[in-house]
Amino acid sequence: MYWVVPVPERGLTISPDGDNFTLEMRDVPVVDQPRWPALDSIAAPARMTFKMVWKSSGEPVRFEDASKHFRFTGTRAFCQLEAQVEVPSIGFSWKSDRLETSKCDYAVMGEEVNGRYYDS
Amino acid sequence: MNLRCTSRRQLSRRGILKSAALASLPLAFPLSGAGLQGQQPTTANGGSDPYPIPWLDKNGSHNQPGMPGYEPSHIYHFKGRVARSSTFTGMGTDNHGNRIAFGTATTDYGVMQGEYWAARTPQQGTFTHI
């Protein structure tokens, strides 16, 4: 799948209470395609190293759509990210500031069932 | 006359195909025998990669926004832990010292860990949407 990559065994750490997820991956092969989804957008091989932390806010949230066979039950969350990207073919690299300086306006975490597991 | 008829029969399309098939047997058998040596016959169950969400596959992008009401997972036939985030903003520096901001309304990430169905059997895995 275009956007989905496997996470190595120790890439995801979950706190015992399930309220904190930490995802860390190094040198993930990705595609740098600035003009996506334009049909003629040029793609260059790139590598990405990142750390992402989700922390539950405790506020419950539930999304369900029977027509699409999915149900999500969890909480809203805070999420922060630090990352480093390299595009060797154009001699470009970029590194974000520390994780604590980033922010996102939307995050959730919890449990989901979909597809053949939806009715079970 | 008879000779010509016999000759035509021998050069018919079916005859040529038969001859070709038989001629290839001495080559085909040793090759296929060598290829299967030490291998068990397998059933075609498909790969163990997860299924994409079906309605996200229309353009081959397997992508959807991270927002309220939308399912957080990016793989289908899945049950497990999931986290989703979007609308990131932050700053960074490139290799020439230029300060470059990152993040838009569609800068989104996610992680999925648990059981998913593929190759006609339950699988365990962790995946991220980046």
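Residues numbered from 1 in each chain as written. Chains lettered and ligands numbered in written order. Predicted model: local features only at pLDDT ≥ 70, side-chain atom pairs only at ≥ 80, totals over all residues.

If you tally the helices and strands in chain A, you get zero helices and seven strands. Taken from N to C terminus, the helices and strands of chain A fall in the order β-β-β-β-β-β-β. Over its C-alpha trace chain A gives a radius of gyration of 17 Å, far above what one expects of a compact globule, namely 14 Å for 120 residues. With the C-alpha coordinates of chain A rotated into their principal frame, the extents come out at 50 × 35 × 30 Å. Out of the 120 residues belonging to chain A, those deemed buried represent 28%. Expressed as a percentage of contacts within chain A between residues at least 6 apart in sequence, the contacts between residues at least 24 apart total 51%. (Helix = DSSP H or I, 4+ residues; strand = E, 2+ residues; numbered from the N terminus. Rg over C-alpha atoms; globule rule 2.2 N^0.38 Å. Buried ≥ 20, exposed ≤ 12 C-beta atoms within 10 Å, placed from the backbone. Contact = placed C-beta atoms within 7 Å.)

Right, let's get into the nonpolar core. Note that soluble globular proteins tend to have their nonpolar side chains buried in a common cluster. Ranked by size, the top nonpolar core spans 34 residues in total, and within it F21, W54, A77 and C79 of chain A together with I75, A83 and V111 of chain B carry the most contacts. Listed by contribution, the elements that provide at least two residues to this core are β3 (20-32), β4 (44-65), β5 (70-87) and β7 (103-114) of chain A together with β2 (75-76), β3 (78-94) and β5 (109-118) of chain B. Setting aside anything within four residues of it in sequence, one finds F21 of chain A in contact with L12, I14, W54 and M109 of chain A together with A83 and V111 of chain B. (Core = buried A, V, L, I, M, F, W, Y, C linked by C-beta atoms within 7 Å.)

Here we come to the interface of chain B and chain A. Where the parts come together, the accessible area they lose is often given as the size of the interface. Counting residues at the interface gives 46 residues for chain B, matched by 48 residues for chain A. Listing elements by their share of the side of chain B that touches chain A, those giving two or more residues are β2, β3, β4 (99-102), β5 and β6 (121-129) of chain B. In terms of residue count, β3 of chain B provides more of the side of chain B that touches chain A than any other element does, 17 residues in total. Classifying every residue of the side of chain B that touches chain A gives 18 nonpolar, 23 polar and five charged. In this structure, strand β1 (residues 4-6) of chain A lies alongside β6 of chain B, joined through three bridges in antiparallel fashion. (Nonpolar A, V, L, I, M, F, W, Y, C, P; charged D, E, K, R; others polar. Pairing = 2+ DSSP bridges.)

Right, let's get into the environment of G66 of chain B. Tracing the sequence through the fold places G66 of chain B in the loop between β1 (51-52) and β2. Not counting residues within four places of it along the chain, the set of residues in contact with G66 of chain B comprises Y106 of chain A together with R84, S85, S86, D108 and G110 of chain B.

All names here are of chain A. As paired strands, strand β2 (residues 12-14) and β3 are joined by three bridges and run antiparallel to one another. Within the sheet, the bridge partner assigned to T13 lies in β3 and is T22. Counting the residues that bridge the hairpin from β2 to β3 gives five residues, and of these G18 lies at a positive phi of roughly 75 degrees.

We now examine the pairing of β5 of chain B. Side-chain direction in a regular strand flips from residue to residue, so the side chains alternate between the two faces of the sheet. Residue and element names in this part refer to chain B. Taking burial as the measure, the ten residues of β5 include seven buried ones, the bulk of the element. With eight bridges joining them, β3 and β5 adopt antiparallel strand pairing. Within β5, the residue paired with G80 across the bridge is G114. In the sheet, β5 pairs with β6 via nine bridges, with the strands oriented antiparallel. When the bridges of β6 are listed, Y116 appears paired with Q123. Turn length for the β5-β6 hairpin, with the two strands adjacent in sequence and antiparallel, is two residues, and the turn residue A119 shows positive phi of about 55 degrees.

Fair warning: the whole summary comes from geometry, so function is off the table for now.
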